[in-house]
Number of protein chains: 8
Amino acid sequence: MADYPAIPSRLSIDDAAVLLIDHQSGLLSRVQDYGPDEFRNNVLALAEAAKFFELPTILTTSFEQGPNGVIMPELKALFPDVPFIARPGQINAWDNEEFVAAVKATDRKQLVMAGVVTDVCVAFPALSALREGYEVFVVTDASGTFNKSVRDAALMRMQQAGAVMTSWFAVACELQRDMEGLARLLGDRLPAYRNLITSHQAVANR
Amino acid sequence: MADYPAIPSRLSIDDAAVLLIDHQSGLLSRVQDYGPDEFRNNVLALAEAAKFFELPTILTTSFEQGPNGVIMPELKALFPDVPFIARPGQINAWDNEEFVAAVKATDRKQLVMAGVVTDVCVAFPALSALREGYEVFVVTDASGTFNKSVRDAALMRMQQAGAVMTSWFAVACELQRDMEGLARLLGDRLPAYRNLITSHQAVANR
Amino acid sequence: MADYPAIPSRLSIDDAAVLLIDHQSGLLSRVQDYGPDEFRNNVLALAEAAKFFELPTILTTSFEQGPNGVIMPELKALFPDVPFIARPGQINAWDNEEFVAAVKATDRKQLVMAGVVTDVCVAFPALSALREGYEVFVVTDASGTFNKSVRDAALMRMQQAGAVMTSWFAVACELQRDMEGLARLLGDRLPAYRNLITSHQAVANR
Amino acid sequence: MADYPAIPSRLSIDDAAVLLIDHQSGLLSRVQDYGPDEFRNNVLALAEAAKFFELPTILTTSFEQGPNGVIMPELKALFPDVPFIARPGQINAWDNEEFVAAVKATDRKQLVMAGVVTDVCVAFPALSALREGYEVFVVTDASGTFNKSVRDAALMRMQQAGAVMTSWFAVACELQRDMEGLARLLGDRLPAYRNLITSHQAVANR
Amino acid sequence: MADYPAIPSRLSIDDAAVLLIDHQSGLLSRVQDYGPDEFRNNVLALAEAAKFFELPTILTTSFEQGPNGVIMPELKALFPDVPFIARPGQINAWDNEEFVAAVKATDRKQLVMAGVVTDVCVAFPALSALREGYEVFVVTDASGTFNKSVRDAALMRMQQAGAVMTSWFAVACELQRDMEGLARLLGDRLPAYRNLITSHQAVANR
Amino acid sequence: MADYPAIPSRLSIDDAAVLLIDHQSGLLSRVQDYGPDEFRNNVLALAEAAKFFELPTILTTSFEQGPNGVIMPELKALFPDVPFIARPGQINAWDNEEFVAAVKATDRKQLVMAGVVTDVCVAFPALSALREGYEVFVVTDASGTFNKSVRDAALMRMQQAGAVMTSWFAVACELQRDMEGLARLLGDRLPAYRNLITSHQAVANR
Amino acid sequence: MADYPAIPSRLSIDDAAVLLIDHQSGLLSRVQDYGPDEFRNNVLALAEAAKFFELPTILTTSFEQGPNGVIMPELKALFPDVPFIARPGQINAWDNEEFVAAVKATDRKQLVMAGVVTDVCVAFPALSALREGYEVFVVTDASGTFNKSVRDAALMRMQQAGAVMTSWFAVACELQRDMEGLARLLGDRLPAYRNLITSHQAVANR
Amino acid sequence: MADYPAIPSRLSIDDAAVLLIDHQSGLLSRVQDYGPDEFRNNVLALAEAAKFFELPTILTTSFEQGPNGVIMPELKALFPDVPFIARPGQINAWDNEEFVAAVKATDRKQLVMAGVVTDVCVAFPALSALREGYEVFVVTDASGTFNKSVRDAALMRMQQAGAVMTSWFAVACELQRDMEGLARLLGDRLPAYRNLITSHQAVANR
């Protein structure tokens, strides 16, 4: 059998923390590799999954007082008590000591990251965390950027350095490991799956 | 100056009724020309606009007890008191006397239509209504079907017969004629516009 | 109200005939605006619908002995007894007297047409039939050609001349007017719909 | 020969006026059917062409004090002295008396229109102007909206009512009628054409 | 039956002339709605068809001494003796008296047009010819322009004015009316069809 | 010469087993990265290939009694006697002891996997199997998910861990190693190849 | 600095041989990830480059007497004297002893490969050659298959095993290392580059 | 934790040099994987970033006197004093001694590269530099080529050899590490970001 490369470990409810980076009202309008309905849904789905599994979660933003805008109000409302690092200037969140301290305080080694824009606000801290020995799981569909071409380059770069590419639905399923408990989350954030549930219950309840 | 064709009249709050056709849990899973997040948002946006402007609205479904599934629960919840014609068999809603009677009872001549699937459940009653002298406005982005190629054929057919192609946002704006009143609706159903509002208010309220 | 253009009449089981033009093994390999699985399914779905509704049907081919190849064997098997005009040379089937005679012998005024390639083998007889006063319904998804750009030009040309653009599913639904009878056909040719039926029956039969 | 429909007249430097509608900093971020580089270039190219040919030009915006944002500064700088109607509330610019008065004051019958978003801010005044007997030329590539599907519906609607679809380059060429004078404009706004000029001059000047 | 619009007449070897407009080495590099291999093949296929059927053909260019570049050498070589109007300045070829005189001298009423760029060099003379009562057949796949969006607007504009959209293969087939004679042309310009011929002959000649 | 990475071994009829995971009627309606005709054909083609080569095959599903729906009836009919593990709850099939036991009982080290959805039902057991030293061949075109973006992330993740990306046709060819025996399978599941066979036999049999 | 992976050596006129695999008239009609004009051009461009640089070249086909069809006549004409292995049955050319012997006889270690279909006829011998220590350069644009999704899987698989992805133009340039000598080849196979040459010479020769 | 591959170091203002390769007026017209407005903007944005951070920068071209054309005049104007190596013949800039000497003279180990065409003029020197131990950052959106398929192969090849894929915006942000200083650059080269700034300042300055 071939000598395969090392295989990243499995995402676990005991080892993971979630970092939501720069989902700000101004920057969000720069996301053009996903439609706005789909993207908003993806970000909130990831956030709700983090909440559902009670994972340590960290919010961060950059220059909220400038054109980047303020954090998505739904995120702030969902996580009123988690560390929220409003960076004054550093582009790479990992350059902010308070942010790194918050990450270290979680005592987790698997970092689930999403943000805007993918090639900068996600890629830079992802690479920094990898350099320090963390496992990084990039939630590609809760991360957005200028266009598909820029996204492709960013994903290639992060994969090359060892980050794992994934999606919010896969994160939720990988953490849960059992489907039943996911019902509410899937019903709210997967309209297509909700249709299945609706059809099924209408007949089952007859 | 050229001899232009007749120009359809302007959509008006006093002349319009809204027909929501066969948005059922089973059929919705057949919509592949829009993503599920985007499509659900578009349908609810149109429905909420109909409610907001207090337009006469009619719901109809076909074969709810079969694989087509039941009506989107959100639609039923939004319009608990409007005519809801659950057709036993007719594919073309206009072949159902109760449905046509409900339309006539609105005493409106502009019919705003959306449904699933576009080429059948929208196109057939649209053509029937045009034959009886109604003006028909097809909300293309709240109507879905199997693929882009089938949609294109359906839109060409309806346009050829005189139907007006439009979108839920244009319907809302055409009815309102003044932007201020639309704020809540836009904020809820246009995530991108909500971002603008969020950014703007954050600065304006400083 | 606006002065709308004339509206094509409704496709009817009593008025329609089906013309299947040049679906030949060689020509089929030139179809690149649909995937081969999807296209074969569409052609057979239309053919089976014609059979199901017992519509007069005419098969025709050109140059079967040359690289165009022979007719799809499934079509020949499905319609062993209908007129089958193997044209020796005329590109436009309407230039073949035997073909036109067969059409006239159906005594139908609504011609449902599909074929390969769309811009020639469908468009030419469609235009000829329109010139002689027939109503023409082009089944766009059972007609194929070299690429999307050539198809677009062909559909624009036929629409401009008054032909109605439609799809095999819309044809089947428009003829049936009642959904129940279509179950078998839809189950066989709409894998997605079959999934719905399977799900539904599994629960309903419990 | 066939009985063709009436043919819109030719765009002329003596008959045309240009209406630039709601190209505002907030609304521009909602344009997703063109890339931001391309769209900004197209809008400025149309504006510079209007200036170059000294066409009567009218600027208008809606709710500048709200999230729609202010007019593109380049447009304001390019046309410091033309009528600039900052509409307080009307969505359809044609509902604003001052705007209509400004249009009428140009004494032109060909209205070249572009704006954001296509389906509302362009389509509504285009239809209103057509109803009053104006010829309308819609500059599709200097008009933007939420997505391709919404654009398609908007263009179909305007075409159905008699509006002419065109692009900024075609407008510039149709007004000029002679290529030499366009050199500067093309050099600045068509990077690809500038490359040709650069190559050509490098050799020609040797 | 519905009251269909007038139907354009059939393209005929006795009534048609071919106008090849501004296929110049510089302008060709601006064509981005077709790949360069495909586009060159389409233009030469149309030209060879014109030659094959001995249709009156007219070549024209604009500013050959500037960055637009010189005419495709293959076209010049294929038609050494037809009228070749190298326009000094007029963008719309129909504004050049010599060109119009050449068209009139053909004594044909069906004008088959192709050129670069579609929205200007094809659309303008197409509209001019339509206004003078000619039938115009636009060969869309032998005409190219900046991008798909600009092409769409140009085709909508020409169709609205009564021009017929077609492709080089449909033109060749419509003129020939009988497939056998087309073998050589198809073999040279349809690589896919040549494969069929190769396969067929290999077996047939065994 | 460069120091290349280890090269996965060749898929072999003696070493391979096939795992078909969660192809259920409800989940199938969530597949939007392939058209339904194409996808159904791909899944059945892979299944028929497994049958044709008499490979050990394992079927598994999750929550058949819920909205996920029941297994594709064609799969059940094709493999009446193979292990069929209807998992009550585990999302990752590898978390089900019965499933892993069935895999181990095959005594094969090459696992050919396909399923719905790619990013969860395929990726999770693929990674688990790789961790235990199996070689994994992912049949990408018999595996489907929500959209192309989610698929891309899933394929990148599995490739990174050493899985081999392939397609049903490549699997069939790699196992067979000789083309003649594949004729029936290809004829049934590759409509395009069947056309070639039809053309060829028509001439060869003359 | 990071510990980069081994870097494949540079393609060299002294080390490279070219393998053209199964470019047969029947199989070519299965290529749908490239347009037929573009693909034929790419294959001939690669072949002409092999000829131009006098690289050892090997032709091979499978089942020429069946529906796969015969080799592209242009390839046979271009290389009348090179080894041409018409394989009776082996799908993987590397399973054919005569083919492997011909490769070994070239005494080259860099194998430039292209063929139809990518996932089988190219991927299988590519993997086999890599296993035996050859360097493999896959000419992706002279290799074709059923669709983009299948191609993607094939390229990922070959890259994973160490093959280098390239294109015919890059191969020609990498072998030449000096642009002047490539003029004729580029002029014939890059229509876009020929336009540049034409423009340039027209001015330079004045 | 898994044994991740080595992670490329962080791009730094002290270690990086910028190589702009063959952005020439003729070659630029061959770029078809980006629109011309977008591509010109990307190239100038990268160049202005290099200037802004005062990075050592090297310009090079090939055959300026031939159809490749002369360097983009804006680049020459922006960098009047940097090394400009007009290569007479070598396709791979790294084959030119003067070029390599200029690179070595910068005494930098991180090479940021962009050029036209990606698969040749960027890929070849990128691979050469990697072989000599440099770190290579490929600015994918300031590099262009014939089509998306050729680009994909080129990026896969460079990634395989250890090059880092990035974009001009990520380069600018990675060098700056602090957002404030980037304002002017972003305002000029990111029209979408400029809109945010405009909106923000309009409100903030009230």
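Residues numbered from 1 in each chain as written. Chains lettered and ligands numbered in written order. Predicted model: local features only at pLDDT ≥ 70, side-chain atom pairs only at ≥ 80, totals over all residues. Heavy atoms only, no water.

## Topic: the overall build of chain A
A count of helical and extended segments in chain A gives 9 helices and 6 strands. Its C-alpha radius of gyration of 17 Å places chain A within 12% of the 17 Å reference for a compact globule of 206 residues. Along the longest, intermediate and shortest principal axes, the C-alpha atoms of chain A span 60 × 55 × 35 Å. Within chain A, residue pairs in contact and separated by at least 24 positions form 79% of the contacts whose partners lie at least 6 positions apart. Carbon and sulfur atoms make up 51% of the accessible area of chain A, which amounts to about 6,100 Å² in all. Taken together, the 18 basic and 25 acidic charged side chains of chain A have centroids lying 3 Å from each other. (Helix = DSSP H or I, 4+ residues; strand = E, 2+ residues; numbered from the N terminus. Rg over C-alpha atoms; globule rule 2.2 N^0.38 Å. Contact = heavy atoms within 4.5 Å. Areas by Shrake-Rupley, 256 points an atom, 1.4 Å probe, with all protein chains shown as cover. Lys, Arg positive; Asp, Glu negative; His and termini not counted. Charge placed at Lys NZ, Arg CZ, Asp CG, Glu CD.)

## Observations regarding the relation of the copies chain B and chain F
The operation relating the two chain copies consists of a rotation about an axis and a shift along that axis. Screw-axis analysis of chain B against chain F gives a translation of 0.0 Å along the axis, an RMSD of 0.0 Å, and a rotation angle of 180°. The transformation relating the two chain copies, once decomposed into turn and shift, fits a two-fold axis. Nearest to the rotation axis, the C-alpha of B:Ser29 is located 3.1 Å from it, this being the minimum over chain B. The share of interface residues of chain B whose copies in chain F are also at the interface is 100%, consistent with both copies meeting through the same surface. (Least-squares fit on C-alpha atoms with pLDDT ≥ 70 in both.)

## Here we look at the relation of the copies chain B and chain D
For the pair chain B and chain D, the best superposition has an RMSD of 0.0 Å and corresponds to a rotation of 90° with a translation of 0.0 Å parallel to the axis. Read as a symmetry element, the transformation amounts to a four-fold axis. When the interface residues of chain B are mapped onto chain D, a mere 17% of them again lie at the interface, so each copy presents a different face.

## Let's talk about the sheet that holds strand 3 (residues 84-87) of chain E
Residue and element names in this part refer to chain E. A sheet is described by the order of its strands in space; here 6 strands give the open sequence 3-2-1-4-5-6, paired in parallel fashion. Two strands lie at the open edges of the sheet, namely strand 3 and strand 6 (164-166), each paired on one side alone. Each strand of the sheet is rotated relative to its neighbour by a mean of 25°, with strand direction disregarded. Relative to strand 5 (residues 135-139), strand 4 (residues 110-115) runs parallel, the two sharing 4 bridges. If you follow Leu-111 over to strand 5, its bridge partner there is Val-136. Those strands touched by helix 2 (residues 36-52) are strand 1 (16-21), strand 2 (57-62), strand 4 and strand 5, and its axis lies near 145° from that of strand 1. Strands strand 1, strand 4 and strand 5 of the sheet are contacted by helix 5 (residues 118-131), whose axis makes an angle of about 165° with strand 4. (Pairing = 2+ DSSP bridges. Axes fitted to C-alpha atoms, helices over the stretch in contact; angles between N-to-C directions.)

## Observations concerning the packing of helix 5 (residues 118-131) of chain B against helix 7 (residues 168-176) of chain C
Two elements in contact, helix 5 of chain B and helix 7 of chain C, have axes whose closest approach is 9 Å; the angle formed by their N-to-C orientations is 50°. In terms of orientation, helix 5 of chain B lies oblique with respect to helix 7 of chain C. For the pair helix 5 of chain B and helix 7 of chain C, the crossing hand works out as right-handed. On helix 7 of chain C, the residues that touch B:Asp119, B:Val120 and B:Phe124 of helix 5 of chain B are C:Phe169, C:Ala170, C:Cys173 and C:Glu174. Tallied by class, the residues present in the contact of helix 5 of chain B with helix 7 of chain C amount to 5 nonpolar, no polar and 2 charged. (Parallel < 35°, antiparallel > 145°, perpendicular 65-115°, else oblique. Left-handed = near helix turned anticlockwise from the far one by under 90°. Nonpolar A, V, L, I, M, F, W, Y, C, P; charged D, E, K, R; others polar.)

## Section: the sheet that holds strand 2 (residues 57-62) of chain C
All names here are of chain C. Spatially, 6 strands are ordered 3-2-1-4-5-6 in an open sheet, and the strand pairing comes out parallel. On the outer flanks of this sheet lie strand 3 (84-87) and strand 6 (164-166), each paired with one strand and no other. On average, adjacent strands in this sheet sit at an angle of 25° to one another, irrespective of strand direction. Pairing geometry for strand 2 and strand 3, over 4 bridges, is parallel.

## Looking at the side chain of A:Thr140
Here A:Thr140 lies in the loop between strand 5 (135-139) and helix 6 (148-160). Sequence-distant contacts of A:Thr140, that is, excluding residues within four places in its chain, are made with A:Tyr34, A:Leu155, A:Met165, A:Thr166 and F:Ala153.

## Digging into the interface of chain B and chain F
The partner chain F presents 6 residues to the 6 residues of chain B that form the contact. Applying the counting rule to chain B against chain F returns 0 salt bridges. In this assembly, chain B and chain F are joined by 0 residue pairs in polar contact (both at pLDDT 80 or more). In terms of residue class, the side of chain B that touches chain F is made up of 3 nonpolar, 2 polar and 1 charged. (Salt bridge = Lys/Arg side-chain N within 4 Å of Asp/Glu carboxyl O. Polar contact = N/O pair within 3.5 Å; in protein donor to acceptor, adjacent residues only side chain to side chain.)

## Quick word on unusual backbone geometry
The omega torsion of the bond from C:Val116 to C:Val117 falls at 0°, within 30 degrees of zero and hence cis. Turning to its location among the elements, C:Val117 is positioned in the loop between strand 4 (110-115) and helix 5 (118-131). Of note in this structure, B:Phe63 is not a glycine but carries a positive phi near 50°. Mapped onto the secondary structure, B:Phe63 falls in the loop between strand 2 (57-62) and helix 3 (73-78). Of note, the phi angle at E:Glu54 is positive, near 55°, even though the residue is not glycine. Looking at the element boundaries, E:Glu54 is found in the loop between helix 2 and strand 2. Judged by its relative accessible area of 69%, E:Glu54 is exposed. (Buried < 20%, exposed > 50% of the residue type's maximum accessible area, 1.4 Å probe, protein only.)

## Structural notes on the pairing of strand 3 (residues 84-87) of chain B
Each regular strand displays side chains that alternate between the two surfaces of the sheet. Only one face of strand 3 of chain B is buried: it carries B:Ile85 and B:Arg87, and the other face, with B:Phe84 and B:Ala86, is open. Considered for its hand, the β-α-β crossover made up of strand 2 of chain B, helix 3 of chain B and strand 3 of chain B is right-handed. (Right-handed = clockwise from strand over helix to strand, strands pointing away.)

## A few points about helix 9 (residues 191-204) of chain G
Spanning 14 residues, helix 9 of chain G covers 20 Å between terminal C-alpha atoms, matching the ideal 20 Å at 1.5 Å per step. Counting buried residues in helix 9 of chain G gives 11 out of 14 residues, a clear majority hidden from the surface. Those residues of helix 9 of chain G not exposed but buried are G:Pro191, G:Ala192, G:Tyr193, G:Arg194, G:Asn195, G:Leu196, G:Ile197, G:Thr198, G:Ser199, G:His200 and G:Val203. Lining the buried residues of helix 9 of chain G we find helix 9 (191-204) of chain D, helix 1 (25-28), helix 2 and helix 3 (73-78) of chain E, helix 8 (183-189) of chain G together with helix 1 (25-28) of chain H. (Expected span 1.5 Å × (residues − 1).)

## Concerning the arrangement of the chains
Between chain C and chain D there is no contact, and the shortest C-alpha to C-alpha separation is 10 Å. One finds no contact between chain C and chain H; the C-alpha atoms of the two approach each other to within 18 Å at their closest.

## Side note on the UniProt feature "domain: Isochorismatase-like" (unreviewed entry) in chain A
Cross-referencing UniProt, the feature "domain: Isochorismatase-like" (unreviewed entry) maps to residues 17-168 of chain A in the present numbering. The distance separating the terminal C-alpha atoms of residues 17-168 of chain A is 14 Å; by composition the span is 43% helix and 19% strand. (UniProt positions renumbered as here; feature names shortened; annotations may be inferred.)

## Quick word on the environment of C:Lys148
Tracing the backbone shows C:Lys148 in helix 6 (residues 148-160). A residue is classified by how much of its surface remains accessible, and C:Lys148, at 35% relative accessible area, is partly exposed. Note: C-alpha distance between C:Lys148 and C:Arg177 (29 residues apart in sequence) is 31 Å. Apart from residues no more than four positions distant in its own chain, C:Lys148 is found in contact with B:Asp152 and C:Asp33.

## Describing the packing of aromatic side chains
Any aromatic ring pair is given by two values, namely how distant the centres are and how the planes are angled relative to each other. For the structure on display, the rule yields 48 aromatic pairs over all chains. Seen from their ring centres, B:Phe146 and C:Phe169 are 4.9 Å apart, and the 80° between their planes marks the pair as edge-to-face. Of this pair, B:Phe146 sits in the loop between strand 5 (135-139) and helix 6 (148-160) while C:Phe169 is found in helix 7, placing the two residues in two different chains. Relative accessible area serves as the criterion here: at 15%, B:Phe146 is assigned to the buried category. Given the relative accessible area of 7%, C:Phe169 is considered buried. Centre to centre, the rings of G:Trp94 and G:Phe99 are 6.3 Å apart; their planes meet at 75°, and the pair counts as edge-to-face. Residue G:Trp94 is classed as buried on the basis of its relative accessible area of 8%. (Phe/Tyr/Trp six-rings, centres within 6.5 Å; stacked < 30°, edge-to-face > 60°.)

## Considerations on the environment of D:Ser12
Of note, D:Ser12 is situated in the segment before strand 1 (16-21). Apart from residues lying up to four places away in sequence, D:Ser12 is in contact with D:Gln110, D:Leu175 and D:Arg177.

## Let's talk about the interface of chain B and chain D
With 42 residues of chain B at the interface, the matching set in chain D holds 43 residues. Buried surface at the junction of chain B and chain D, both sides included, amounts to about 3,200 Å², of which 61% is carbon and sulfur. The interface formed by chain B and chain D holds 2 salt bridges in total. B:Glu174 is paired through a salt bridge with D:Arg157; the nearest N and O atoms lie 2.9 Å apart. One can count 6 residue pairs in polar contact (both at pLDDT 80 or more) joining chain B with chain D. Here the residues of the side of chain B that touches chain D sort into 24 nonpolar, 8 polar and 10 charged. (Buried area = accessible area lost by both parts, 1.4 Å probe.)

## Considering the side chain of C:Thr145
Residue and element names in this part refer to chain C. Mapped onto the secondary structure, Thr-145 falls in the loop between strand 5 (135-139) and helix 6. Judged by relative accessible area, Thr-145 falls into the buried class, the value being 0%. When residues no more than four places from it in sequence are discounted, the contact partners of Thr-145 are Arg-30, Val-31, Gln-32, Asp-33, Val-117, Thr-118, Asp-119, Val-150 and Arg-151.

## As for the packing of helix 6 of chain A against helix 6 (residues 148-160) of chain F
Geometry of a packed helix pair, given as the angle between the helix axes and the separation of the axes. The geometry of helix 6 of chain A relative to helix 6 of chain F is characterised by a closest axis approach of 12 Å and an angle of 20° between their N-to-C directions. One finds that helix 6 of chain A runs roughly parallel with respect to helix 6 of chain F. Between helix 6 of chain A and helix 6 of chain F lies a crossing whose hand is right-handed. Contact with helix 6 of chain A, carried on its side by A:Lys148, A:Arg151, A:Leu155, A:Met156 and A:Gln159, involves F:Ser149, F:Asp152, F:Met156, F:Gln159 and F:Gln160 of helix 6 of chain F and no other residues of that element.

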